[in-house]
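Single-letter residue listing:
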Amino acid sequence: MGRRARDRRRQQQQQERAGGGGGGDQAGWAGGYPEIVKENELFERYYRELGIVPAGEWDAFMAALREPLPATLRITGYKSHAKEILHCLKNKYFKELQDLEVDGQKVEMPQSLSWYPEELAWHTNLSRKILRKSPELEKFHQFLVSETECGNISRQEAVSMIPPLLLDVNPHHKVLDMCAAPGSKTAQLIEMLHADMNVPFPKGFVIANDVDNKRCYLLVHQAKRLNSPCIMVVNHDASSIPNLQIDVDGRKEVLFYDRILCDVPCSGDGTMRKNIDVWKKWTTQNSLQLHGLQLRIATRGVEQLAEGGRMVYSTCSLNPIENEAVIASLLEKSQGALELADVSSELPGLKRMPGITKWKVMLKDGQWFEEWKDVPSNRQTQIRPTMFPVKEEEKLKAMNLERCLRILPHHQNTGGFFVAVLIKKSPMPWNKRQPKVNQKLPQRTGDTIVTATNSEDGSEDIIEEPILAENEESKKMQKLQNSDTEQNKKEGVCGPPPSKKMKLFGFKEDPFVFLPEDDPLFPPIQKFYALDPSFPKMNLLTRTQEGKKRQLYMVSRELRNVLLNNSEKMKVINTGIKVWSRNSDGEQFGCAFRLAQEGIYTLYPFIHARIINVCIEDVKILLTQENPFLSKFSSETQKKVKDMAMGSIVLKYDPDPEKPDTLQCPIVLCGWQGKTSLRAFVPKNERLHYLRMMGVEVFKAKRKEEESESKTEEEVEYKQAQLEEGMDVEDKERDLVAKTEGETGEESSHTPVENSAMEVENKTEDLDQLSKNANNHVS
C-alpha cells in the first residue's frame, strides 16, 4: 500500500510539472500548495456582511490572506544569552544575506517586529524549501536548526507572541496556561519568570495544561529546553480543570492564579495563510460548535483567577461568535466581577482594530439570524442565546467591547488574531452558592470550603465555595439566586457551567517522590560540593519509590507545595529539572552523584567547592576537544586543578567588560577532572551554540563530522537501544571515562553521545558492550 501511495504521489508531481502547477520557482518561495484554490464564497459573504474589515480595505485583506505567511522567529532564553544571540544574528548571519540572490530573486533581509520588545522577534519571507535547498543559505539554515534544538530560537507565528506580552507576567506571579500545547507561548511565560538570571528560584511558577495526553509530551519538550524548576505540565480538560490546594502557614487554602492564559481551541480561520486546508473546509458551523466549549473554558479560567488578577483570552479566529460573543457572555454572567482592560497603550507599534459590538449569526446554509427570538426551535441546538450581541445599549456600552484587539492580516503582514484582556475585580457571583446536599462534609480552609463529590468511576470532583454565614440573610440570598437562575433559563442566558468529573487518560506517570529529611544520599553530596546552608534540599525529588535513585530533580518551593497537596486530584506529566545523576563507582571519587548540565544554572549559586574559573581560550579548548590534557590549558587553570581531587566539577567563564569584542554573557559548564585531563560534558548543540557566540566557525567542522561519520551496524543498534530504552547516554559515558581514567590514568578517546529525551533504567548488556568499546579505545 505504501508503494502504491508513493507511485500515485510521483504521478501527481509529474502532472503538475507538465501542466505548470502554478508557478515553478515562485512556488518554491511560497512554500507550495498550488493545487488548492484559495477561494471560499461563503467566507467572503459572511465577513463582508459583518464588516470586520474597514471600508476600502477588503481587497487588500483578501490579497493578504492568499499570500504565504512570512516565517517568524523569536530569540528565547534568558536576557544575557538572548542579547548575545541577537548580536550574532545581526552582525554575522543577517549581514551575509545582504545582496544575496537565490534562483534569480533577491533575498529580502529579515526585519524585526516593531512592537516586540528589545528586537527579540524577527520575520523573513524565506520559505523552508528555499532555506533547505539553497547552498548559499545553508549556513544560515544550520544556525536556525541548531539554535532551535538548543531552545535559543523558536519558530513562532508573530500574532501568537501577543497574548503572553499582554499578560504582563512578573517573577512572583502564579500562572496557569489552560490550553498550552505545543508550548511556544508557555516558553514566553517561563522566560518572564526568569527575568532576573541571578535568582535561581523565582517565587512564581507556570502550570501548563493540555487536554491531549500526547500533545502534553510535546509541551514538555518545549518547556524542558529552558531548564526551569518553576514549570509543571499537567493533563486535564481545561473546562473542568480541578481546583488545587496549597499550604499557607499550616492551613490549606485554594490556589488562585495571578495570571491565566486562555488560548482556546478555535476554528482557525485567521491561519489561512499557513493552513491552506481552511480555504476549502471553512463553514460557520465550526464556530457554532466551538462557542460552547470556548465559553466553558473561559468561565473556568475566571473562576480560578485571583482578585486583581489578569486573564488573556485569545483565538486565531476572526469570527465574533468565538470572540466578542464569548467575552460579552462572560461579562454579563459576571455581574460586574470582570472588566475588560484598556491595553491601547501597550505594545506600541502593533496595529490593531477595536472589538465589534454588532454582529449576526449565520448557519452553514447561508441563513442569517439577528436575535435569539428569531431562531426556530429546530435550530436551537445549533444556535445558543449567548452567540448574539447584547441589545440593551447601556449594558453594551458598560462592557467596553471595543477594548478587545483584532489583528487583521493585511495591516502588518501577519495572521488574523483576537485578544481580550480581562481583570477580575471580585469573586464570581455563582461561587456564593451553598454546598450541594450529596457532597462530603466540607473541609474548612480559611475563607473557602473545599468539597469533594464522588463520580461513578471513583474519581473526585473538587469544588471551591466561599463560606456563607448560617443566618436568614444567606438563605434569602440563596432563594434569590435560585430565582435568578430560573429567570436566566427563561431568557436563554447561560449560567455557570455544571461541574464535570475528572477523568484521567494516557500513560501512567512515574511518581514524584521528595527526598526525606534524613535521606543518607544527601550529606555526601552536600560535603563534596560544599553546598550553601541555604540550599533548599527539601525541593529535591526522584521518580522512583523503590530501588536505587539514579537521577535527582529539583523544583521550586512553591511547586513543591502544589505537588504535595494535590497528588490525588492532578495528573502531572512532568516537572523539575535534573540536577544530579548517579555515577557508577562514583564513591571512589568522593561522591556518588555528578552534576547535570540541565540544572547547573539553578545549582551554581549554592555551590562553593569544585569550581574552576576559566578564560575564553580554555572554554574554546573544552568545547572543541573531547578530552584534552591539562597541559593544553592556561597556567592559571592548571594551578587550580592541581590540588583538586578527581570527579565532577564546575567550569565558570565570566565575561571581561574591558574586552567588548569577546563573549559578554557568563557561561557555566559541567565537567570532569581526571588524573591528566579535564573535559566538559555538554550536549552537542549546546557546544555549537557557545562556540558560535564566541565567533568560532563551526559550520565546516560540523559538515566534515557528518560526512566522516560511519554508521556501522553496532552504532545503529546502539542508537536504537538509546531511543527505545531512553538511556541516559551522557551519564554512562561519563561513568566509563571516570572508571577508565581512575584505573589507567590515560586519556580516553571515546566520543560522547547526546542525551536522549527519556531517562529510564539502562540495559546492562548495552553498558557491557559500551564498556568493552571504551576499554579497547584506551588500550
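For the structure, check the block above.
Here the structure is a predicted model, which means the values were calculated and not measured.

What counts and how
- Residues numbered from 1 in each chain as written.
- Predicted model: local features only at pLDDT ≥ 70, side-chain atom pairs only at ≥ 80, totals over all residues.
- Heavy atoms only, no water.
- Pairing = 2+ DSSP bridges.
- Helix = DSSP H or I, 4+ residues; strand = E, 2+ residues; numbered from the N terminus.
- Phe/Tyr/Trp six-rings, centres within 6.5 Å; stacked < 30°, edge-to-face > 60°.
- Buried < 20%, exposed > 50% of the residue type's maximum accessible area, 1.4 Å probe, protein only.
- Lys NZ or Arg CZ within 6 Å of the ring centre and 35° of its normal.
- Polar contact = N/O pair within 3.5 Å; in protein donor to acceptor, adjacent residues only side chain to side chain.
- Contact = heavy atoms within 4.5 Å.
- Salt bridge = Lys/Arg side-chain N within 4 Å of Asp/Glu carboxyl O.
- Axes fitted to C-alpha atoms, helices over the stretch in contact; angles between N-to-C directions.
- Left-handed = near helix turned anticlockwise from the far one by under 90°.
- Nonpolar A, V, L, I, M, F, W, Y, C, P; charged D, E, K, R; others polar.

**Q** Is there a simple way to think about the pairing of strand β10 (residues 245-248) in this case?
**A** In regular strands, side chains alternate between the two faces of the sheet. As defined by bridge partners, β10 adjoins strand β11 (residues 251-254) across 4 bridges and the pair is classed as antiparallel. Bridging from a neighbouring strand, V248 pairs with R251 of β11. Hairpin connection of β10 to β11: 2 residues between the antiparallel strands, including D249 at a positive phi of 55 degrees.

**Q** Explain the packing of aromatic side chains here, please?
**A** In this description, a pair of aromatic rings is defined by centroid distance and the angle of the planes. With the rule as written, the count across this model stands at 20 aromatic pairs. When the ring of F43 is compared with that of W282, the centres are 5.3 Å apart and the planes differ by 85 degrees; the resulting orientation is edge-to-face. Remark: W282 occurs in the loop between α11 (278-281) and α12 (285-303) and F43 occurs in helix α3 (residues 41-50); sequence separation between them is 239 residues. Here F43 matches W282 in class, with each residue buried. Measuring from centroid to centroid gives 6.4 Å for Y93 and F140, while their planes differ by 35 degrees, and the two rings are tilted. One end of the pair, Y93, is in helix α5 (residues 79-97); the other, F140, is in helix α7 (residues 138-150), with 47 residues separating them in the sequence. Assigned by exposure class, Y93 and F140 land together as buried. In this structure an aromatic cluster arises from ring pairing among F201, F522, F528, Y529, F535, W580 and F606. When the ring centre of W368 is taken as origin, the NZ or CZ atom of K360, which lies over that ring, is 4.7 Å away. Between the NZ or CZ atom of R560 and the centre of the ring of F514, over which it lies, the distance is 5.1 Å.

**Q** Even after reading the chapter, I still don't get the side chain of E686, so can you show me in this structure?
**A** Looking at where E686 falls in the secondary structure, it is placed in helix α22 (residues 684-693). A distance of 3.3 Å separates the side chain of E686 from the side chain of Q597, its partner in a polar contact. The residues touching E686, leaving out its near neighbours within four places in the chain, are C150 and Q597.

**Q** Sorry if this is basic, but what is going on with the pattern of salt bridges here?
**A** Any two side chains of opposite charge can pair, so long as their charged atoms come close to each other. Applying the stated rule across the entire model yields 28 salt bridges. Where R74 meets E191, a salt bridge forms, and the shortest distance between an N and an O atom there is 3.0 Å. Separated by 117 residues along the polypeptide, R74 in strand β1 (residues 71-75) and E191 in helix α9 (residues 184-193) bring together distant segments of the chain. For the pair formed by R74 and E191, the shared burial category is buried. Residue R251 is joined to E253 by a salt bridge in which the shortest nitrogen-to-oxygen separation is 2.5 Å. On the basis of relative accessibility, which here comes to 40%, the residue R251 falls in the partly exposed class. Under the relative-accessibility criterion, E253 is labelled partly exposed at 22%. Salt bridges linked by common partners bring E39, E44 and R66 together as one network.

**Q** Just to check I follow, could you spell out the packing of helix α20 (residues 616-624) against α22 for this structure?
**A** Axis angle and axis distance: for two packed helices, these are the angle between their axes and the distance between the axes, and together they describe the pair. Their axes nearest at 10 Å, the elements α20 and α22 cross at an angle of 150 degrees. Crossing of α20 over α22 shows left-handed handedness. Residue-level contacts link L622, L623 and T624 of α20 to R687, Y690 and L691 of α22. For the contact of α20 with α22, the residue count by class is 4 nonpolar, 1 polar and 1 charged.

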